[in-house]
Amino acid sequence: RRVHGKGVIVDKDFSHPQMPKELKDVKLAILTCPFEPPKPKTTHKLDVKTVEDYKLLQNYERETFEAMIKQIKDTGATLAICQWGFDDEANHLLLSNELPAVRWVGGPEIELIAIATGGRIVPRFSELTAAKLGKAGIVRELAFGTTKERMLVIEECANSNAVTIFLRGGNKMIIEEAKRSMHDALCVVRNLVKDNRIVYGGGASELACSIAVSKKANTVASIEQYALHAFADALEAIPMALAQNSGFSLIKTVADIKSKQVLENNTHLGIDCMNNGTNDMKAQNVIETLVAKKQQITLASQVVRMVLKIDDVRTVGEH
């Protein structure tokens, strides 16, 4: 299963189960400072000897939490994103003061939220101002699957370029395969952004290159002609592999398409792997990026050159 949207998905939920599951027109206070009473910087010891001392300490903690919550609300914030955690008492006070919060948000996620919402990360409460708040149209909690795993979705962010792709699967192997497929797809998009030129797949571009190299070889009088013919034959390895994997006759299929490319002067013709009834890869919308195809051929050529430089090769089993 794949979920994607314009915004950020965080593997967290609201700190209290009674907090609202959806917020609109949200202003986020992004905090990396501890949500707790200040502690002395030096080694210290606190002795609580009486009930009155304990109550004084409890009151001090509650008043400190209430002051922190008031400071957040005074800036206009309607949601607190905290890198660190806070105890149950602070959580109850946040609920009582109608300030939803999310705790234990990791550093990379904090940065993504700040970038997406246009907010500033606040390392100290004293530095929190209205100008440093992030903005989002909707913040909602989603539940997935039978286990009701909860995640937080921040949508309609100030930075509309922020997009999250969320992949789910039955087991880890499926997730990893989906991640690899998504990575490959994003690499294709990246290549098109760098260079929007394309070639046609199904072995069409390799056959067209093979024909062009063979023609060039016939005009070379030196011994290099044999190297060019060998390179042209090597280019046919891809269409032959496609024909074999599709259950076609290797030599006959490749020879027929190669002949059609020459007779019709159509470089779009390739292997009809899906049996769609046409060898025209343009009609089937089977394309590859020119950048990727150039890299494939260049890398294969470099590997061959490296092998040719080797004086001797030891195969498995030789002693």
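Our structure's up above, just so we're on the same page.
Description of the structure in this document.

1. Description of the packing of helix α7 (residues 237-245) against helix α8 (residues 250-264)
Link 1 in the chain: Between α7 and α8, whose axes approach to 9 Å, the crossing angle comes to 125°. One finds that α7 runs oblique with respect to α8. For the pair α7 and α8, the sense of crossing is right-handed. For the pair α7 and α8, contact is made by P239, M240, A243 and Q244 and by L250, T253 and V254, respectively.
Link 2 in the chain: Its residues assigned to classes, the contact of α7 with α8 shows 5 nonpolar, 2 polar and no charged.

2. As for the packing of helix α5 (residues 204-217) against helix α6 (residues 224-235)
Link 1 in the chain: As a packed pair, α5 and α6 sit with axes 8 Å apart at the nearest point and diverge in direction by 165°. Here α5 is positioned roughly antiparallel relative to α6, judged by the angle of their axes. Along this stretch, α5 crosses α6, giving a crossing that reads as left-handed. Side by side, α5 and α6 meet where E206, C209, S210, V213, S214 and A217 of the first sit next to Q225, L228, H229, F231, A232 and L235 of the second.

3. Describing unusual backbone geometry
For residues that are not glycine, phi is negative in most cases, and the peptide bond is trans in most cases.
Link 1 in the chain: Phi angles above zero are rare outside glycine, and E98 is one such case at about 55°.
Link 2 in the chain: You can see E98 is positioned in the loop between α2 (88-96) and β4 (101-102).
Link 3 in the chain: We note that W104 has phi near 55°; this positive angle belongs to a residue other than glycine.
Link 4 in the chain: Within the secondary structure layout, W104 lies in the loop between β4 and α3 (107-117).

4. Description of helix α4 (residues 172-194)
Link 1 in the chain: End to end, α4 covers 33 Å across 23 residues, agreeing with the expected 33 Å (1.5 Å per residue, within 8%).
Link 2 in the chain: Within α4, the full set of buried residues consists of M182, C187 and N191.
Link 3 in the chain: Sitting at the amino-terminal end of α4 is N171, which places a side-chain oxygen 3.2 Å from the backbone nitrogen of M173.

5. As for the pattern of salt bridges
Link 1 in the chain: Overall, the coordinates contain 12 salt bridges when judged by the stated rule.
Link 2 in the chain: We note a salt bridge from E127 to R124, for which the minimum N-O separation is 2.6 Å.
Link 3 in the chain: Overall, the relative accessible area of 26% leaves E127 in the partly exposed class.
Link 4 in the chain: The structure contains a network of salt bridges with shared partners spanning K21, E141 and R150.

6. Concerning the nonpolar core
Link 1 in the chain: L28, L31, F35, I72, L79 and I113 are the most contacted members of the largest nonpolar core, which totals 42 residues.
Link 2 in the chain: The element that contributes the greatest number of residues to this core is strand β2 (residues 22-31), accounting for 6 residues.
Link 3 in the chain: Counting residues in hydrophobic clusters, the runner-up holds 6 residues, among them A243, V254, L269 and I271.

7. Notes on the pairing of strand β6 (residues 134-144)
Link 1 in the chain: Summarising the sheet, β2 and β6 pair through 6 bridges and their orientation is antiparallel. Along β6, the bridge assignment pairs L23 with V139.
Link 2 in the chain: Across 8 bridges, the pairing between β6 and strand β7 (residues 149-157) is antiparallel. Among the inter-strand pairings, F144 is bridged to a residue of β7, identified as E149.

8. Thoughts on the side chain of N91
Link 1 in the chain: Along the polypeptide, N91 turns up in helix α2.
Link 2 in the chain: N91 gets classed as buried once you look at its relative accessible area, which sits at 5%.
Link 3 in the chain: The residues touching N91, leaving out its near neighbours within four places in the chain, are S15, H16, M19, F86 and R103.

9. Thoughts on the pairing of β2
Link 1 in the chain: With 4 bridges joining them, β2 and strand β3 (residues 79-82) adopt parallel strand pairing. When the bridges of β3 are listed, L28 appears paired with L79.
Link 2 in the chain: In the sheet, β2 pairs with strand β5 (residues 121-122) via 2 bridges, with the strands oriented parallel. Each residue of the ladder has a partner; that of L31, found in β5, is V122.

10. Some words on a nonpolar patch on the surface
Link 1 in the chain: On the surface, a cluster of nonpolar side chains totalling about 300 Å² of accessible area is made up of V188, L192, I198 and I287.
Link 2 in the chain: With respect to the element layout, V188 can be found in helix α4.

What counts and what doesn't
Residues numbered from 1 in each chain as written. Predicted model: local features only at pLDDT ≥ 70, side-chain atom pairs only at ≥ 80, totals over all residues. Heavy atoms only, no water. Axes fitted to C-alpha atoms, helices over the stretch in contact; angles between N-to-C directions. Helix = DSSP H or I, 4+ residues; strand = E, 2+ residues; numbered from the N terminus. Parallel < 35°, antiparallel > 145°, perpendicular 65-115°, else oblique. Left-handed = near helix turned anticlockwise from the far one by under 90°. Contact = heavy atoms within 4.5 Å. Nonpolar A, V, L, I, M, F, W, Y, C, P; charged D, E, K, R; others polar. Expected span 1.5 Å × (residues − 1). Buried < 20%, exposed > 50% of the residue type's maximum accessible area, 1.4 Å probe, protein only. Polar contact = N/O pair within 3.5 Å; in protein donor to acceptor, adjacent residues only side chain to side chain. Salt bridge = Lys/Arg side-chain N within 4 Å of Asp/Glu carboxyl O. Core = buried A, V, L, I, M, F, W, Y, C linked by side-chain atoms within 4.5 Å. Pairing = 2+ DSSP bridges. Patch = residues over 30% accessible without salt bridge, like charges linked within 9 Å, V, L, I, M, F, W, Y side chains within 5 Å. Areas by Shrake-Rupley, 256 points an atom, 1.4 Å probe, with all protein chains shown as cover.

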